[in-house]
Amino acid sequence: MFLQDKPYRDFSDYLSARFPYKVQKISINAGFTCPNRDGSKGLGGCTYCNNQSFSPGYGKPTKTITEQMADGIQFFSRKYPEMKYLAYFQSYTNTYDSIASLTDKYEEALTHPGVVGLIVGTRPDCMPEELLDYFEALSKKTFLLIEYGVESTLNRTLERVNRQHSFEESAAMIRKTAERGITVGAHMILGLPGESEEEILSHADRLSELPLTTVKLHQLQIIRYTAMAREYKLLPESFRLFEADEYVDLCVSFAERLHPDIHIERFTSQSPKRLLIAPDWGMKNYEMTARIIKRFVERKSWQGKEYPYSR
Ligand code: SF4
């Protein structure tokens, strides 16, 4: 059994073990773009990614990083004055710029009072050697987590959704990053089109072979103004969208096959209603998580129950 008697290794337990105070992530939009949009890797972007967010001017931050951190901290510190913060570079590809511009932005976040670390979300094909050197040095001084968008372990799927990188590239970059002593996470979408339930669960087997500290999961959501929304309208039968109850079981089965040492940061995500086409479960993330925990108990199960071997 894991900390606090949860049936899975929760990322929040990892943070509690690492920090003697509560920590909260503050999401930052640093104004970066994406190489899968501007032609340097691909054009058009991943099919599930909202095109609107790449229109000129759209999504550009109107506030500096310092102002975004201050806003976030002000919100949480009213209730938890002792809380500390992790700056989460979340939007788009947060390693896609000149090294000087990138490190300036990371440092701006890190020097903000109350910030005790950095989480950087990016693509596995967008991590130059020089930046890895910087991150290696940084990780010796402060908390750092690099979160790679892996999304699927099947190249057939990655091609279909126009990711413009392979699973082998993800695996190699996760290994390379971890070899530098940097904490690494993987982001996955469960239920991408064309994947059978067994194929979705097999992602847990492949991820378990990698030196990952965290995985972050969410269900496939069809978002307005995306290439996938058009595909869904034309060929709805080629999508297997999960009902909430089915997805709860899928998460338990996924966790059963996942290495018991990997922390699970999240199982679900809920896009804003105005952007969401399907599936609309009408439930908050915490309600889904509570149902998943309940289902673990009903199935007398836990993370790693079906994990066959040790790393
Ligand atoms: S999902 Fe990420 S990598 Fe894909 S187009 Fe959108 S920002 Fe780029």
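Residues numbered from 1 in each chain as written. Predicted model: local features only at pLDDT ≥ 70, side-chain atom pairs only at ≥ 80, totals over all residues. Heavy atoms only, no water.

### Thoughts on the overall build of the protein chain
A tally of regular secondary structure across the protein chain gives 10 helices and nine strands. Whereas a compact globule of 311 residues would reach a radius of gyration of roughly 19 Å, the protein chain reaches 19 Å, a difference of no more than 12%. Overall size of the protein chain, expressed as C-alpha extent along the three principal axes, is 45 × 45 × 40 Å. Per-residue burial over the protein chain gives 55% buried out of 311 residues. Counted over contacts in the protein chain with a minimum sequence separation of 6, partners at least 24 positions apart contribute 81%. Charge centroids of the protein chain, computed over 40 positive and 41 negative side chains, lie 4 Å from each other. (Helix = DSSP H or I, 4+ residues; strand = E, 2+ residues; numbered from the N terminus. Rg over C-alpha atoms; globule rule 2.2 N^0.38 Å. Buried < 20%, exposed > 50% of the residue type's maximum accessible area, 1.4 Å probe, protein only. Contact = heavy atoms within 4.5 Å. Lys, Arg positive; Asp, Glu negative; His and termini not counted. Charge placed at Lys NZ, Arg CZ, Asp CG, Glu CD.)

### Quick look at the sheet that holds strand S1 (residues 23-28)
Read across the open sheet, the seven strands follow the order S1-S2-S3-S4-S5-S6-S8; overall the sheet is parallel. Each end of this open sheet is capped by a strand with a single partner; those strands are S1 and strand S8 (263-266). In this sheet, neighbouring strand axes are inclined to one another by 25 degrees on average, regardless of whether the strands run parallel or antiparallel. Two strands pair when backbone bridges link them, and strand S3 (residues 115-122) and strand S4 (residues 143-151) are joined in this way by six bridges, in the parallel orientation. Bridging across to S4, Ile 119 finds its partner in Leu 145. (Pairing = 2+ DSSP bridges. Axes fitted to C-alpha atoms, helices over the stretch in contact; angles between N-to-C directions.)

### Overview of the packing of helix H7 (residues 197-208) against helix H9 (residues 244-257)
Two numbers describe how H7 lies on H9: the axes approach to 8 Å, and their chain directions differ by 35 degrees. Relative to H9, H7 is oriented so that their crossing is right-handed. The residues of H9 that touch H7, namely those facing Glu 197, Glu 198, Ile 200, Leu 201, Ser 202, His 203, Ala 204, Asp 205, Leu 207 and Ser 208, are Leu 250, Ser 253, Phe 254 and Arg 257. Among the residues making up the contact of H7 with H9, the classes are represented as six nonpolar, four polar and four charged. (Left-handed = near helix turned anticlockwise from the far one by under 90°. Nonpolar A, V, L, I, M, F, W, Y, C, P; charged D, E, K, R; others polar.)

### Here we look at the site of the ligand
Surrounding the ligand, one finds 10 residues, the nearest of these being Cys 34, Gly 45, Cys 46, Cys 49 and Arg 123. Partitioning the shell around the ligand into residue classes produces six nonpolar, one polar and three charged. (Near = heavy atom within 4 Å.)

### Things to note about helix H4 (residues 129-139)
For H4, the full list of buried residues reads Leu 131, Leu 132, Tyr 134, Phe 135, Leu 138 and Ser 139. Projected down its long axis, H4 shows its buried positions confined to an angular sector of 160 degrees, all on one face. The elements touched by buried residues of H4 are helix H3 (99-110), S3, S4 and helix H6 (167-179). (Arc of directions from axis to C-beta.)

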